[in-house]
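# Reading the structure
For reference, the chains in residue letters:
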Amino acid sequence: KKDQRMPYITEKGLKTVSKSKYNGIDDSLFYNYIGNPFYNKVVTFIPRWMAPNVVTALATLSQFLAFLLYVIWAPNMTVAPRWVYFATGALIFSYQTLDNIDGKHARRTGNQSPLGQLFDHGSDCFAVGVVCGYMLATMGIDPGWKTYLMLINLEMGFFLPTWEEYHTGRMYLGPINGADEGVFVTYLMQTFTGFVGGQFWKLPLSQLLPLPAATPVFLATMTVGDFFLYGLVVLAFGSNLINIYTVFRARWGKAGKGKVSENENDQLAPEPCTGGFFVALLRLIPLGLVMGFNGLWCYFAPHFLLGSPYWFVFAISTPFLAITSRLIIDHVSGQEYPILRHPVLLGYLVPLVASILEHFHIIEWTWWSSAVVLVAFLGYTGAVALHYDWWVMRHIADVCHIRIFHVKPYQA
């Protein structure tokens, strides 16, 4: 039975959320040997009156500011002034630091809650589109099909670990993972680019490395940025296969049962989800639809990507925010994740139909019609995602007797 005020979570789901506790393991080499000791010292400088969710919001703001630097100073993903790379590196470093100390600050002040977990994961999900934009610009990747490749690479890299957590009851980060080592490499990359200049990533490999004469032409002419991009895709694909195999081990033969984990006492909710491995695969359909619709839009109307690459990437990442937020919230509330019931997908109807008609010369795009469609798409999908996230957080805050951006009195 749904709460009359809240159509997204059942009453049982709200109670489950209030009792849930985060269950995660981070085996990251960077986090355990470098990051964590540093974060333990930094968190002591955060005033106790500051709410943990404010720290999370500041982390998200750091990512968005980095995105805006590129939008203003490197339009159409061109080479940026060197100071932009240094500033972006500092902002990404700030993001990673704040993103790692918000939970520590919550425990330090006695304000840890399921709401904090949701807000933290949702904020990280929001960053996917902006990270894609400024990373492509840094690597000197011209707007095109490689932009789409980078976007789906990031989306799968975020969605599949969350999907794994939904089916196993535990978030696991391996010795080398995107959330720790990946972000660390990103701000090192930005700082390095500040020293050598953005043109470095446009150099062909043959100019940088002594390649043998028998090297295939496609490899010899490949730019450093392209090589780095393809390397990221290969690493991410391997990580994605591990996510799928982990769910296979956990869910094979478990049809009709709830989530399982290596330790049955680690279950996050009493009866979270049903279905075996094939049902788990069906829950990847929303991600497949988002990636497929985005791909069709890029193919039939490439002028969107060529004309406004940053904002187009940001716009088509908002449906991903919606479907992933739903997965995160259904996980902690013990609800079934819907396979097709995602209103945000309706936002693709007008741009896809119009793009297909234009591709076959039935209609013709103009600058203003393209702008209207893109703004309308971003407005609708953004509104759906934010409405869901905000109202869910409000009701969870009511159930947990906390305020989103306020801190409870500290008790030593």
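The structure presented is a predicted model; accordingly, all values stated were derived computationally and were not measured.

Cut-offs used in this document
Residues numbered from 1 in each chain as written. Predicted model: local features only at pLDDT ≥ 70, side-chain atom pairs only at ≥ 80, totals over all residues. Heavy atoms only, no water. Patch = residues over 30% accessible without salt bridge, like charges linked within 9 Å, V, L, I, M, F, W, Y side chains within 5 Å. Areas by Shrake-Rupley, 256 points an atom, 1.4 Å probe, with all protein chains shown as cover. Salt bridge = Lys/Arg side-chain N within 4 Å of Asp/Glu carboxyl O. Helix = DSSP H or I, 4+ residues; strand = E, 2+ residues; numbered from the N terminus. Axes fitted to C-alpha atoms, helices over the stretch in contact; angles between N-to-C directions. Left-handed = near helix turned anticlockwise from the far one by under 90°. Contact = heavy atoms within 4.5 Å. Nonpolar A, V, L, I, M, F, W, Y, C, P; charged D, E, K, R; others polar. Buried < 20%, exposed > 50% of the residue type's maximum accessible area, 1.4 Å probe, protein only. Expected span 1.5 Å × (residues − 1). Bend = angle between axes of the 7 residues up to and from the residue.

## Describing a nonpolar patch on the surface
The grouping of Leu 29, Tyr 33, Ile 34 and Ile 176 at the surface amounts to a nonpolar patch, some 500 Å² of accessible area in total. Along the chain, Ile 176 turns up in the loop between β4 (171-173) and α7 (178-196).

## Some words on the packing of helix α14 (residues 309-316) against helix α17 (residues 367-400)
Packing of α14 against α17 leaves a shortest axis separation of 9 Å and a crossing angle of 35°. Crossing hand, α14 versus α17: left-handed. Contact residues: α14 offers Phe 312, Phe 314, Ala 315 and Ile 316, while α17 offers Leu 374, Phe 377, Leu 378 and Thr 381. Across the contact of α14 with α17, the residue classes tally to 7 nonpolar, 1 polar and no charged.

## A look at the pattern of salt bridges
The tally for this structure, following the rule as stated, stands at 4 salt bridges. The salt bridge partner of Lys 202 is Asp 142, with a shortest N-O separation of 3.5 Å. Here Lys 202, found in the loop between α7 and α8 (205-208), pairs with Asp 142, found in the loop between α5 (114-138) and α6 (145-168); they are 60 residues apart in sequence, far enough to count as distant. Residue class for Lys 202 comes out partly exposed when judged on its relative accessible area of 29%.

## Things to note about the side chain of Thr 147
With respect to the helices and strands, the residue Thr 147 is situated in helix α6. Residue classification places Thr 147 among the buried residues on the basis of a relative accessible area of 2%. Ignoring sequence-local partners within four residues, the contact set of Thr 147 consists of Cys 132, Leu 136, Asp 142, Leu 305 and Val 313.

## A closer look at helix α4 (residues 82-108)
Here α4 is 27 residues long and its end C-alpha atoms lie 39 Å apart, about the 39 Å a rise of 1.5 Å per residue gives. Taken as a whole, α4 carries its principal kink of about 30° at Ile 101. Phi turns positive one or two residues past the end of α4, at Gly 110, with a value near 70°.

## Some remarks on the side chain of Thr 318
Its place among the elements puts Thr 318 in helix α15 (residues 318-333). Discounting chain neighbours no more than four positions away, the residues touching Thr 318 are Phe 377, Leu 378, Thr 381, Gly 382 and Ala 385.

Honestly, that's just the spatial picture; any functional story needs more than this.
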